[in-house]
Amino acid sequence: MITTCDMFSRCVPDWAQWLGGKRFERGLEIGSYEGASACWLLSQGVVQSLTCVDLWDPRYQGHSGVELNFDTNVAEFGNRVAKRKGDSYKVLSSLIASGAPKFQFAYVDGDHSGASALRDMVLAWELLDLHGIMILDDVHAGGPHDPRTYVVHAFSGFQAAYGPYFTFEWGGREVPQVILRKLV
Ligand SMILES: C[S@@+](CC[C@H](N)C(=O)[O-])C[C@H]1O[C@@H](n2cnc3c(N)ncnc32)[C@H](O)[C@@H]1O
């Protein structure tokens, strides 16, 4: 696994505990970066296939090697990976509009600004199958000057609107994540 910035290994203890042994046919990931979380999900067999959405834009990622590292890291999984390069808003909207098959698993870890995070939660929800699982990153993180705080606010809005339609399966212990199951 080639990585220049490890944002994932902190998740492994929780994910191994909660997702270990679980199997989902189709997964969606918003925010793939260099593919660390994607490779874990695929190598553990948690998802059979994974649609990976990212801008892969060096202007936001600090350097131009991120996309190449992603391509190299996921290469071993062949056609189990569907790479969708672009703004999640456009990519997910077009998946919805095209009537693409729904996903049983979604991981939302893209833009951490409030409006974008809320938009990703809503669009991923629309693409999620009944009883599907959705993991949201950084919903309990942050502080007054921490950008992750905006995800906290986004999740408050999401929970206010969609709360009756999901259950909490897991509240991260090692990391500020939640795992939701879609009920309706
Ligand atoms: C926290 S990183 C993802 C880390 C990755 N899940 C991992 O475990 O290594 C967030 C990613 O979201 C992507 N991103 C930010 N805004 C986006 C947008 N509007 N559409 C798609 N991807 C976006 C960034 O390019 C970045 O790669």
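Residues numbered from 1 in each chain as written. Predicted model: local features only at pLDDT ≥ 70, side-chain atom pairs only at ≥ 80, totals over all residues. Heavy atoms only, no water.

Caption draft 1: Spotlight on the packing of helix α5 (residues 88-97) against helix α6 (residues 114-126). With their axes 10 Å apart at the nearest point, α5 and α6 run at an angle of 20° to one another. Considered as vectors, α5 and α6 are oriented roughly parallel to each other. Considering the relative orientation of α5 and α6, their crossing is left-handed. Between α5, through Ser88, Tyr89, Leu92, Ser93 and Ile96, and α6, the contact on the second element is made entirely by Arg119, Asp120, Leu123, Ala124 and Glu126. Its residues assigned to classes, the contact of α5 with α6 comprises five nonpolar, two polar and three charged. (Axes fitted to C-alpha atoms, helices over the stretch in contact; angles between N-to-C directions. Helix = DSSP H or I, 4+ residues; strand = E, 2+ residues; numbered from the N terminus. Parallel < 35°, antiparallel > 145°, perpendicular 65-115°, else oblique. Left-handed = near helix turned anticlockwise from the far one by under 90°. Contact = heavy atoms within 4.5 Å. Nonpolar A, V, L, I, M, F, W, Y, C, P; charged D, E, K, R; others polar.)

Caption draft 2: Focus on the pairing of strand β1 (residues 24-30). Of all seven residues in β1, five are buried; the element is thus mostly enclosed. Bridge analysis of β1 against strand β2 (residues 47-54) gives six bridges, and the strand direction is parallel. Across the sheet, residue Ile30 finds its bridge partner in β2, namely Val53. With respect to chirality, the unit in which β1 leads through helix α2 (residues 36-43) into the neighbouring parallel β2 is right-handed. Pairing of β1 with strand β4 (residues 103-108), which is carried by four bridges, proceeds in the parallel orientation. Residue Gly27 lies in a different strand from β4, and its bridge partner there is Phe105. (Buried < 20%, exposed > 50% of the residue type's maximum accessible area, 1.4 Å probe, protein only. Pairing = 2+ DSSP bridges. Right-handed = clockwise from strand over helix to strand, strands pointing away.)

Caption draft 3: Main features of the nonpolar core. Among the nonpolar cores identified, the biggest contains 29 residues, and Trp15, Leu19, Leu41, Val47 and Phe105 are the most heavily contacted of them. No other element matches the five residues that α2 contributes to this core. (Core = buried A, V, L, I, M, F, W, Y, C linked by side-chain atoms within 4.5 Å.)

Caption draft 4: View of the sheet that holds β4. The seven strands are arranged β3-β2-β1-β4-β5-β7-β6 in an open sheet whose pairing can be described as mixed. Strand pairing shows two members of the sheet lacking a second neighbour, β3 (81-85) and β6 (166-171), which therefore form its edges. Direction aside, neighbouring strands of the sheet carry axes that sit 20° apart on average. Alignment of β6 against strand β7 (residues 178-182), held across five bridges, turns out to be antiparallel. Across the sheet, Phe166 pairs through a bridge with Lys182, a residue of β7. Along the sheet, helix α4 (residues 66-74) contacts β2 and β3; its crossing angle with β3, the most-contacted strand, is approximately 170°. Relative to the sheet, helix α7 (residues 149-162) contacts β5 (128-136), β6 and β7, its axis offset from that of β6 by approximately 140°.

Caption draft 5: Focus on helix α1 (residues 12-19). Within α1 the residues assigned to the buried category are Asp14, Trp15, Trp18 and Leu19. The buried residues of α1 all sit within an arc of 95° when viewed along its axis, so they share a single face. Taken together, the buried residues of α1 touch β1, α2, β4, β5, β6 and β7. One or two steps after α1, the chain reaches Gly21, where phi turns positive at roughly 85°. (Arc of directions from axis to C-beta.)

Caption draft 6: Fine view of the pattern of salt bridges. Enumeration according to the criterion identifies eight salt bridges in this entry. Ionic pairing is found between Lys83 and Asp71, a salt bridge with its closest N-O pair at 3.0 Å. Separated by twelve residues along the polypeptide, Lys83 in strand β3 and Asp71 in helix α4 bring together distant segments of the chain. Look at Asp71 and you get partly exposed, because its relative accessible area is 31%. A salt bridge links Arg119 to Asp87; the nearest nitrogen and oxygen atoms lie 3.4 Å apart. Taken together, the positions of Arg119 in helix α6 and Asp87 in the loop between β3 and α5 put the pair 32 residues apart, joining distant regions of the chain. Via salt bridges that share partners, Glu67, Asp71, Lys83 and Lys85 belong to a single interconnected network. (Salt bridge = Lys/Arg side-chain N within 4 Å of Asp/Glu carboxyl O.)

Coordinates in, geometry out; function isn't part of it.
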